[in-house]
Amino acid sequence: MLRQILDECQQGFNQVGFNEVVLMLSNTAATSEVYMRLDDLRFSEPGDIVTFMAEGGTHLHLYLDRVQEVRFLHRMNDDGLPSYSVWFMDENRDPVLRIYLRKSEDEETNQPRHDLFMALLEKYGTNLRLGESSGVGE
């Protein structure tokens, strides 16, 4: 299930996926943000790890079997602009990885990206609880 969601976020509709994103990792003491294009996802052979590749070799690993919930959040930010994010939660419902869509420099892709996010939100709902296997390898 998680692989399917990530593939849909990456590929989107009519070859317009999430594109420009910020991946955020955080804990109680630190936050890390990686600005990247969501165009190079690599899954391990057994399908239990996804690697998000950014330019210059920067990369993040996500252990899919530790994700128990996915949240699709659509809000308005303090400036009155839409904010789109996908949160991957652990068994304690703490976010282990967040994907935020950045406003695209290519203005023509912003509406298709909005449409993609809203379609995913409609398909999966705001909170998607995963089973014990988290859909690893599917």
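The structure this text deals with has already been given above.
For the structure given in this document, a descriptive report is provided here. (Residues numbered from 1 in each chain as written. Predicted model: local features only at pLDDT ≥ 70, side-chain atom pairs only at ≥ 80, totals over all residues. Heavy atoms only, no water.)

### Description of the sheet that holds strand β1 (residues 20-26)
Now for step 1: Strands sit in the order β2-β1-β8-β7-β6-β9 across an open sheet of 6 strands; the sheet is antiparallel. In this open sheet, the two strands that pair with only one neighbour each are β2 (31-37) and β9 (127-129). Strand-to-strand twist across the sheet, computed as the mean angle between neighbouring axes with direction ignored, equals 15 degrees.
Now for step 2: Contacts between helix α1 (residues 2-11) and the sheet are confined to β6 (69-76), β7 (82-89), β8 (95-101) and β9, with β6 contributing the most and set at about 35 degrees to the helix. (Pairing = 2+ DSSP bridges. Helix = DSSP H or I, 4+ residues; strand = E, 2+ residues; numbered from the N terminus. Axes fitted to C-alpha atoms, helices over the stretch in contact; angles between N-to-C directions. Contact = heavy atoms within 4.5 Å.)

### Section: the packing of aromatic side chains
Now for step 1: Considering all chains together, one arrives at 4 aromatic pairs under this definition.
Now for step 2: Arranged with centres 5.3 Å apart and planes meeting at 65 degrees, the rings of Tyr 84 and Phe 117 form a pair that is edge-to-face. In this pair, Tyr 84 sits in strand β7 while Phe 117 sits in helix α2 (residues 110-124), placing the two residues 33 residues apart along the sequence.
Now for step 3: A relative accessible area of 12% means that Tyr 84 is categorised as buried.
Now for step 4: Here Phe 117 falls in the buried class, since its relative accessible area comes to 0%.
Now for step 5: Among the aromatic residues, ring-to-ring pairing joins Phe 18, Phe 72, Tyr 84, Phe 117 and Tyr 124 into one connected group.
Now for step 6: Residue placement shows Arg 66 over the ring face of Tyr 63; its charged tip is 4.6 Å from the ring centre.
Now for step 7: Here the basic side chain of Arg 98 rests over the ring of Trp 87, its NZ or CZ set 4.3 Å away from the ring centre. (Phe/Tyr/Trp six-rings, centres within 6.5 Å; stacked < 30°, edge-to-face > 60°. Buried < 20%, exposed > 50% of the residue type's maximum accessible area, 1.4 Å probe, protein only. Lys NZ or Arg CZ within 6 Å of the ring centre and 35° of its normal.)

### Notes on the sheet that holds strand β3 (residues 41-43)
Now for step 1: If you trace the 3 strands from one edge of the open sheet to the other, you get β3-β4-β5, paired in antiparallel fashion. In this open sheet, the two strands that pair with only one neighbour each are β3 and β5 (59-63). Along the sheet, successive strands turn relative to each other by an average axial angle of 20 degrees, direction set aside.
Now for step 2: As paired elements, strand β4 (residues 49-53) and β5 share 5 bridges and run antiparallel to each other. Paired with Met 53 across the two strands is His 59, which belongs to β5.
Now for step 3: Each of β3 and β4 is contacted by α1, which is oriented at about 160 degrees to β3, the strand it contacts most.

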